[in-house]
Amino acid sequence: MNCDLLIIGAGPAGMAAAITARQAGISVVVADENPAVGGQVYRSVETGPLVQSDLLGADYSSGRELAEVFAASGAQHQSGTTVFMIERTQTHGFTIGLATSERARMVEARHVLIATGALERPCPIPGWTLPGVMTAGAAQTLLKSSAIAPEGPTILAGSGPLLSVLAAQYARAGVKLAAVLDTTPRGNWLKALPHLPGFLMSPYLLKGLKLLREVMSAHRIIRHVSALEAVGEGQLSGVSVVASGRTFMIPATTLLLHQGVVPQVNLAMASGVAHVWSEARLAFEPALAPDGETTVPGLFIAGDSAGIGGAQAAQARGLLAGLAILDRIDPATRASRQTQRSRAEASLARSLRGRAFLDALYRPAPQFRMPADDVIICRCEDVTAGDVRRLIARGTQGPNQMKAFTRAGMGPCQGRSCGLTLTELFAKQTGRSPQQVGHLRLRAPVKPITVGQMAGLADAEQRD
Amino acid sequence: MFRRLLEPSRQVTIFVNGQALIAAVGDTVAAALLLTGNTRFRHTAKSNSPRGPYCGMGVCFDCLVTINGEPNRQACLALVQEGMEIMTGAAAPKLAAYKRA
Ligand code: FES
């Protein structure tokens with residue numbers, strides 16, 4: 001199954017790139033881990049139980065058209081497929097390792113686009129590993145794909161646009177939350193102020209105000225929350241809250257956490273793509289040319305994995321990357337794509353407007369990124385912030401040595417739940433910048449491959 | 001605890017720890033289990049503490065269950081299928097269960 005372009009991720013960026021590339025007739029394969037297209041933002045947009053209702057909002061419904069065009073584009077969609085490695089070949093193409101639950105195999109592609117989107121920033125608070133605690137994104141996925149909502153006292157806590165979006169969706173569904181706990185630090189408003197003009201001209205303003213009204217009329221909102229603790233014996237039973245200097249407990253069976261989203265970096269980093277720390281967004285982002293090409297020639301990144309911008313920006317970036325790849329394949333016809341390119345560039349600029357304001361406003365407070373010593377930061381290996389701090393004090397050199405000493409980042413999630421925390425803990429304690437500290441070194445396979453899948457790989461190689 | 005907002009249009013029967021259960025076509029295994037009130041999917045190797053789905057999108061590996069005899073499957077990525085047999089409560093994945101390529 002060799003192809004001209006292999007895209008990883010069937011969200012807005014991946015679909016837009018695939019559609020664009022197919023217009024020129026090149027062969028496109030789109031591999032995606034999920035059961036259906038849409039990514040997380042347009043999850044289940046084709047066949048989900050709520051696609052006919054307006055409960056999820058107009059933004060969600062707009063993904064439907066994209067999914068329809070994608071389905072008709074002739075791109076080959078491989079669902080339930082994980083990409084565990086990308087390697088540059090000597091002939092300037094790529095070998096890509098794909099795995100389904102049954103087997104792993106290798107394919108060749110001339111160009112590769114990573115469009116794996118975002119993941120939620122780690123929310124290491126005391127008790128975040130208790131069953132009953134999950135991310136707001138996870139709860140929204142249940143809503144989109146199965147029309148499932150929490151029952152029993154439920155608390156939504158954290159900061160960021162998704163918090164209001166989900167709270168409003170629950171309000172429309174008649175689900176009343178026990179509380180919405182807003183951890184946005186007071187001082188952020190002041191820091192966001194210089195970016196206000198851009199925000200006032202962005203589509204976020206009206207949408208945000210409308211959401212806020214919906215949320216405030218349906219749920220109890222508690223602001224200025226400065227500490228959170230999930231409490232329970234082997235199961236969540238309540239949340240201890242510090243807000244405006246008062247400490248109190250709210251009983252809950254479900255706690256939904258959110259501190260914004262950050263680019264998924266594992267596949268790109270393991271493929272050798274250079275990344276840069278963004279102090280504004282407190283995350284590593286790939287170093288990219290304007291057209292989306294990474295520091296690995298022929299390997300492109302688009303969508304939220306290129307830098308958080310939301311669905312519209314992702315679609316525009318996907319389109320631009322698709323066009324850039326066509327330019328490489330057929331430079332002579334580049335001029336014929338100029339109108340499309342200009343339009344996508346304008347759309348990207350429009351959808352990024354107002355983003356700087358949101359980044360500053362929703363910047364998570366330090367205590368929610370670098371917790372107290374007794375809090376677990378590596379969920380896979382039960383490593384606490386204190387374990388890490390003690391070893392830093394004793395001279396541990398960086399996240400990679402920390403991994404060897406504590407196993408933090410060595411479990412099946414391969415640092416996805418602790419990577420940023422580790423970098424920030426090091427930076428804080430040693431006075432280096434997060435860029436100097438760097439991220440845990442990531443290597444293929446970026447997802448665990450089972451013995452069974454490996455056997456499939458061996459079989460395939462024998463046949464070849 | 002979770003509930004459905006809509007009655008599912010198409011149903012399948014799955015078996016969770018030997019017990020028959022109705023789920024909807026399109027449910028992930030994680031969704032079907034959460035609807036039964038089960039939030040404890042597995043236990044960790046180090047502290048034997050219970051864990052359940054956290055990220056819901058294949059990132060955290062805290063939702064691991066055994067599906068049709070195959071251990072360490074991510075319940076949030078697998079869709080239910082007629083007759084599927086799911087076991088929860090397994091001990092954590094020992095890293096030996098994974099072979100590195
Ligand atoms: S819930 Fe995180 S991987 Fe399934």
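Residues numbered from 1 in each chain as written. Chains lettered and ligands numbered in written order. Predicted model: local features only at pLDDT ≥ 70, side-chain atom pairs only at ≥ 80, totals over all residues. Heavy atoms only, no water.

## Some words on the sheet that holds strand β2 (residues 11–16) of chain B
Residues and elements named next belong to chain B.
Then step 1. Ordered by their spatial adjacency, five strands build an open sheet running β3-β2-β8-β6-β7, and the pairing between neighbours is mixed. Since the sheet does not close on itself, it has two edges, and those belong to β3 (19–24) and β7 (70–74), each with one partner. Each neighbouring strand pair of the sheet contributes to a mean axis angle of 40 degrees, computed without reference to strand direction. (Pairing = 2+ DSSP bridges. Helix = DSSP H or I, 4+ residues; strand = E, 2+ residues; numbered from the N terminus. Axes fitted to C-alpha atoms, helices over the stretch in contact; angles between N-to-C directions.)

## Some thoughts on the domain arrangement of chain A
Residue and element names in this part refer to chain A.
Then step 1. For chain A, the assigned domains read domain 1 (3–119 + 262–329), domain 2 (122–259) and domain 3 (370–437).
Then step 2. Placing a centre on the C-alpha atoms of domain 1 and another on those of domain 2 gives a separation of 29 Å.
Then step 3. Taken residue by residue, the interface counts 14 residues in domain 1 and eleven residues in domain 2.
Then step 4. Interface area, domain 1 with domain 2, both sides summed: about 1000 Å², of which 58% is carbon and sulfur.
Then step 5. Contact with domain 2 buries surface across domain 1, with Arg 43, Leu 55 and Leu 56 losing the most and accounting together for 45% of the total.
Then step 6. On the surface where domain 1 and domain 2 come into contact, there are one salt bridge.
Then step 7. For the salt bridge of Lys 207 with Asp 59, the shortest nitrogen-to-oxygen distance reads 3.2 Å.
Then step 8. Scanning the region where domain 1 abuts domain 2 turns up six residue pairs in polar contact (both at pLDDT 80 or more).
Then step 9. Taken together, the residues that form the side of domain 1 that touches domain 2 break down as six nonpolar, five polar and three charged. (Domains from an automatic or database assignment. Contact = heavy atoms within 4.5 Å. Buried area = accessible area lost by both parts, 1.4 Å probe. Salt bridge = Lys/Arg side-chain N within 4 Å of Asp/Glu carboxyl O. Polar contact = N/O pair within 3.5 Å; in protein donor to acceptor, adjacent residues only side chain to side chain. Nonpolar A, V, L, I, M, F, W, Y, C, P; charged D, E, K, R; others polar.)

## Some words on the pairing of β7 of chain B
Residue and element names in this part refer to chain B.
Then step 1. Alignment of strand β6 (residues 64–67) against β7, held across three bridges, turns out to be antiparallel. Among the inter-strand pairings, Ile 67 is bridged to a residue of β7, identified as Glu 70.
Then step 2. Taken together, β6 and the strand that follows it, β7, pair antiparallel across an intervening segment of two residues, in which Asn 68 is found at a positive phi of about 45 degrees.

## Overview of the pairing of strand β13 (residues 225–231) of chain A
All names here are of chain A.
Then step 1. For β13 and strand β14 (residues 238–243), the ladder comprises six bridges, and the chain directions are antiparallel. Directly across from Glu 229, in β14, lies its bridge partner Ser 240.
Then step 2. As consecutive antiparallel partners, β13 and β14 are separated by six residues, and within that stretch Gly 232 has a phi angle of approximately 160 degrees, a positive value.

## Regarding the interface of chain A and chain B
Then step 1. With 57 residues of chain A at the contact, the number on the chain B side is 43 residues.
Then step 2. By the criterion of area lost to chain B, the three top residues of chain A are Glu 151, Arg 379 and Asp 382 of chain A, representing 12% of everything that side buries.
Then step 3. Here Arg 379 of chain A makes a salt bridge to Asp 62 of chain B, at a shortest N to O gap of 2.8 Å.
Then step 4. Taken together, the connections running from chain A to chain B amount to 14 residue pairs in polar contact (both at pLDDT 80 or more).
Then step 5. Where the side of chain A that touches chain B is concerned, the elements lending two or more residues are β7 (118–120), β8 (133–135), α3 (136–146), β9 (148–150), β16 (254–259) and α17 (451–463) of chain A.
Then step 6. The element that contributes the greatest number of residues to the side of chain A that touches chain B is α3 of chain A, accounting for six residues.
Then step 7. Looking at chain direction, β9 of chain A and strand β1 (residues 2–4) of chain B are connected through three bridges and run antiparallel. By the bridge assignment for β1 of chain B, Ala 149 of chain A is matched with Arg 3 of chain B.

## Here's the deal with helix α15 (residues 419–430) of chain A
All names here are of chain A.
Then step 1. Under the 1.5 Å per step criterion, the end-to-end length of α15 is 17 Å for twelve residues, consistent within 8% with the ideal 16 Å.
Then step 2. For α15, the tally of buried residues reaches nine of twelve residues, placing the bulk of the element in the interior.
Then step 3. What α15 keeps buried is the set Gly 419, Leu 420, Thr 421, Leu 422, Thr 423, Glu 424, Leu 425, Phe 426 and Ala 427. (Expected span 1.5 Å × (residues − 1). Buried < 20%, exposed > 50% of the residue type's maximum accessible area, 1.4 Å probe, protein only.)

## Quick notes on the nonpolar core
The nonpolar side chains of soluble globular proteins are, as a tendency, buried together.
Then step 1. Ranked by size, the top nonpolar core spans 79 residues in total, and within it Val 28, Leu 113 and Tyr 170 of chain A together with Ile 14 and Val 29 of chain B carry the most contacts.
Then step 2. Each of two domains, domain 1 (3–119 + 262–329) and domain 2 (122–259) of chain A, supplies a minimum of three residues to this core.
Then step 3. The contact partners of Val 28 of chain A, leaving out residues within four places of it in the chain, are Leu 5, Ile 7, Ala 18, Ala 21, Arg 22, Ala 75 and Gln 76 of chain A.
Then step 4. One finds Ile 125, Ala 230, Ala 243 and Leu 257 of chain A within the second-largest nonpolar core, a separate group that totals 41 residues. (Core = buried A, V, L, I, M, F, W, Y, C linked by side-chain atoms within 4.5 Å.)

## Re the environment of Arg 110 of chain A
All names here are of chain A.
Then step 1. With respect to the helices, strands and loops of the structure, Arg 110 is situated in strand β6 (residues 104–114).
Then step 2. The sequence separation of Arg 110 and Ala 21 amounts to 89 residues, and the corresponding C-alpha distance is 13 Å.
Then step 3. In contact with Arg 110, other than residues within four places in its own chain, are Cys 3, Asp 4, Thr 91, His 92, Gly 93 and Phe 94.

## Considerations on the environment of Gly 9 of chain A
Residue and element names in this part refer to chain A.
Then step 1. Looking at where Gly 9 falls in the secondary structure, it is placed in the loop between β1 (3–8) and α1 (12–23).
Then step 2. Note on Gly 9: relative accessible area 7%, which makes it buried.
Then step 3. Remark: the alpha-carbon pair of Gly 9 and Val 83, spanning 74 residues in sequence, is separated by 9.5 Å.
Then step 4. Each residue touching Gly 9, except ones within four places of it in the same chain, is listed here: Gly 14, Val 30, Ala 31, Asp 32 and Ala 115.

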